[in-house]
Amino acid sequence: MNYTPVAEIEGRVRKFQAKLAAQEMDGALLLLNADLYYFTGTVQNSFLYIPAGGEPVLMVRRSVSRGRTESPLKNIVPIRSPKEMPDILASFGYRDSKRIGMELDVLPFNLYQTYRKLFPQAELSDVSPLIKEIRAIKSPHEIGLLRQALQVVDKAFQAVPAFLKEGMTELEAAALFEAELRQRGYAGCCKMRSFNQEFFYGNVCSGSSGFDPSFFDGPVGGSGACPSHPQGAGWKKISRNEVVYIDYTSLIEGYTGDQSRVFCIGELSPQLVKAFEAALTIQKAVLASMKPGTLAEEPYLLALKLAEELGYKDHFMGYKDHQVKFLGHGIGLELDEWPIFAKGMKTPLQPGMTFALEPKFVFPEGAIGTENSFVMTDTGPEYLSVTPEVITYLP
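Residues numbered from 1 in each chain as written. Predicted model: local features only at pLDDT ≥ 70, side-chain atom pairs only at ≥ 80, totals over all residues. Heavy atoms only, no water.

(A) Structural context of the sheet that holds strand β17 (residues 391–394). The four strands lie next to each other as β7-β8-β9-β17, forming an open sheet whose pairing is mixed. Taken across any chain shown, the strands that pair with only one partner, and hence form the sheet edges, are β7 (202–206) and β17. Taken over all neighbouring pairs, the strand axes of this sheet differ in orientation by 25° on average, direction set aside. The pairing of strand β8 (residues 243–252) with strand β9 (residues 255–265) spans 10 bridges and is antiparallel. (Pairing = 2+ DSSP bridges. Helix = DSSP H or I, 4+ residues; strand = E, 2+ residues; numbered from the N terminus. Axes fitted to C-alpha atoms, helices over the stretch in contact; angles between N-to-C directions.)

(B) The pairing of β7, seen in detail. Counting buried residues along β7, five of its five residues qualify, which places the element largely inside the surrounding structure. Alternating positions in β7 separate into two faces, G202, V204 and S206 on one and N203 and C205 on the other, with burial throughout. Bridge count between β7 and β8: five bridges; the pairing is antiparallel. Its bridge partner lying in β8, C205 is registered against Y245. (Buried < 20%, exposed > 50% of the residue type's maximum accessible area, 1.4 Å probe, protein only.)

(C) Structural detail: the packing of helix α1 (residues 6–22) against helix α2 (residues 33–40). Remark: α1 packs on α2, axes separated minimally by 7 Å, with the N-to-C direction vectors making an angle of 115°. It follows from the interaxial angle that α1 and α2 lie roughly perpendicular. Every residue of α2 that contacts α1 at I9, R12, V13 and F16 is listed here: Y37, Y38, F39 and T40. Split into classes, the residues belonging to the contact of α1 with α2 amount to six nonpolar, one polar and one charged. (Parallel < 35°, antiparallel > 145°, perpendicular 65-115°, else oblique. Contact = heavy atoms within 4.5 Å. Nonpolar A, V, L, I, M, F, W, Y, C, P; charged D, E, K, R; others polar.)

(D) Layout of helix α8 (residues 170–182). Over its 13 residues, α8 runs 18 Å from end to end, which matches the ideal 18 Å to within 8%, given 1.5 Å per residue. Close packing links the buried residues of α8 with α7 (140–163), β7 and β8. (Expected span 1.5 Å × (residues − 1).)

(E) Just the environment of G27, in detail. Secondary-structure assignment places G27 in strand β1 (residues 27–30). According to the relative accessible area criterion, G27 is buried, its value standing at 0%. C-alpha of G27 to C-alpha of T114: the two residues are 87 residues apart in sequence and 18 Å apart in space. Discounting chain neighbours no more than four positions away, the residues touching G27 are L20, Y49, I50, P51, A52, R99, I100 and G101.

(F) Region of interest: the packing of α7 against α8. As a packed pair, α7 and α8 sit with axes 8 Å apart at the nearest point and diverge in direction by 140°. On the basis of their axis angle, the class for α7 and α8 is oblique. Here the hand of the crossing between α7 and α8 comes out right-handed. Residues V152, V153, A156, F157, A159, V160 and F163 of α7 touch α8, and the partners they reach there are A173, L176, F177, E180 and L181. (Left-handed = near helix turned anticlockwise from the far one by under 90°.)

Following this line, the structure appears as structure tokens:
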């Protein structure tokens, strides 16, 4: 079992405390699992208080013993009810706080009301942007975990020719692909911060199913297994001479890589082959334009321009009314971290940011394109993905 290094946790806490102090906050109370893991190294039923100065306090409902094993924090104590929180914090010297930060981008209103009653003297402020800023810049340790994640998904993609068969259902293909991931350590549960955005391991679409839209905020939907989960692989059987689009996350020790590749049993139509080449052309141009300081909207706007010039305006990132308005997204503990490559996003790219870019096209006969994960360096984007970017043809 690998645990987050002590220096990682201490460094993250210090950065957050500096931001809290700059905002004149007394501290922050964090509840979201992804943020708990980032600042503690453990995911328990717990409440984390990080003061602007001093040692954090992790109050654990279940399991205290596991929390103490997995987290290097000094103050890890049991709690039976949130009502005990003010007294516990007071015992560590944290009392009468005037401004407390919380993750108000995700906190349900009823819970917000609960904490207002627990801390009636305090103003509750949103610290989500501060957390997102810190988490957007990955340490060498985090980048190393993302590299591992992309190496794992590469092994899964390399295994596809051995199991992809004409007549199998998308769900069968998905199950075999997912088995390749799981046996190499896929940790399960791909986290997303956006409300009601759910994403299972990934997506297998064949032919026309890649044209099916879904609720998911991505360019390719898929029919899904049933109306309650209307996204990804479904019951359609895979046929010859159609595109098989495979788009998956790879989650290793909490960190999520993202990648897609395309396959075909037989031969693809010239239209789809040309579109695939266009996706690679757009990706190459976008990567060449990116450097530290580039605003996150600029790669998206460039990709839009190129897609229109190449004749794919109605097909880029979805079909017509179902097009999504972004080119890529940050990756890390969640699949929708900063930066977001979309119009209006003025976030400057910085070394250490990790992200996926996914120029794709959707046609009635299927979805095609590419997706890779990258890290921004001092000189520009560097591939984390290692799988060759080709259409893999099977006999």
